[in-house]
Amino acid sequence: MSFDFSILDFIQSHLRCGFLDTVLVFITKLGNSGWIWIAVTLLLLLLPKTRKWGLAMAVSLALESLCCDMLLKPLVARPRPFTVNPSVTLLIAPPHGFSFPSGHTGASFAATSALYFSKSRFWIPALLLSAAIAFSRLYLYVHYPTDVFAGALLGCAAGYFGSRLTELAGRGTKEERGA
């Protein structure tokens, strides 16, 4: 835990400024409940050319949520850093629930990985937003670095399996039609 706090405290001591306070609060809100990724998924599902990518994202987000929110967070039950070190002033309302792994990061990397493994060029801007959301969770002192790292790994795994499941389902459908 001292490793985690050394990184968090470094960010608080050396990077905190008014500009980043505003920008990173906005960026973290994009990741609240995965809404930005759900909106992108729905948009991709609406367009026939991108429907495969949207389906891969939907499956990946569902896998990530199941593993993160329903399995790992209650199992590990790690308190958030601001509860252990209450001297830090939060810039957002204190999040509810446990810290490990980061759901914002997990959902972000699930969506990005689904795009990558589905061979969509949209994975590049998604990666930039995912990295910003992940960093915002550290900057805002609501997750430990190991929470964010675990969320990214979980998200990448969910993105991989979500895209593969979608690919397999697509193959089955084509074979059933005789294509």
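The structure contained in this document is the topic of the report that follows. (Residues numbered from 1 in each chain as written. Predicted model: local features only at pLDDT ≥ 70, side-chain atom pairs only at ≥ 80, totals over all residues. Heavy atoms only, no water.)

Bringing the packing of aromatic side chains into the picture now. This structure, assessed with the given rule, holds eight aromatic pairs. Taking the centre distance of 5.2 Å and the plane angle of 80° together, the rings of Tyr-116 and Phe-117 count as edge-to-face. With relative accessibility at 42%, the residue Tyr-116 sits in the partly exposed group. Geometrically, the ring pair formed by Phe-117 and Tyr-160 is edge-to-face, given 5.1 Å between the ring centres and 80° between the ring planes. Of this pair, Phe-117 sits in helix H6 (residues 103-117) while Tyr-160 is found in helix H8 (residues 145-177), placing the two residues 43 residues apart along the sequence. Classification of Phe-117 as partly exposed rests on a relative accessible area of 23%. Look at Tyr-160 and you get partly exposed, because its relative accessible area is 33%. Feature note: the residues Tyr-116, Phe-117, Trp-123, Tyr-160 and Phe-161 constitute an aromatic cluster, connected by ring pairs. (Phe/Tyr/Trp six-rings, centres within 6.5 Å; stacked < 30°, edge-to-face > 60°. Buried < 20%, exposed > 50% of the residue type's maximum accessible area, 1.4 Å probe, protein only. Helix = DSSP H or I, 4+ residues; strand = E, 2+ residues; numbered from the N terminus.)

This next bit is on H6. Between the first and last C-alpha of H6 there are 20 Å, a value that for 15 residues agrees with the 21 Å anticipated at 1.5 Å per step. In terms of burial, H6 is largely enclosed, as 13 of its 15 residues are buried. Phi turns positive one or two residues past the end of H6, at Lys-119, with a value near 65°. (Expected span 1.5 Å × (residues − 1).)

Regions of empty space are outlined by a rolling probe, equal in size to a water molecule, passed over the atoms. Roughly 490 Å³ of volume is contained in the largest pocket. As for the largest pocket, its lining consists of 26 residues, and the residues nearest its centre are Gly-31, Asn-32, Ser-33, Gly-34 and His-104. At the level of elements, helix H2 (18-30), helix H3 (35-46), helix H4 (51-76) and H6 are the ones that each hand at least two residues to the lining of the largest pocket. Sort the elements by how many residues they give to the lining of the largest pocket and H4 lands first, with six residues. The class makeup of the residues in the lining of the largest pocket is nine nonpolar, eleven polar and six charged. (1 Å grid on protein atoms, 1.4 Å probe; cavity = no way out; pocket = protein on both sides within 12 Å on 5 of 7 lines; lining within 4 Å. Points joined across faces, edges and corners; volume = space filled by probe spheres on them. Nonpolar A, V, L, I, M, F, W, Y, C, P; charged D, E, K, R; others polar.)

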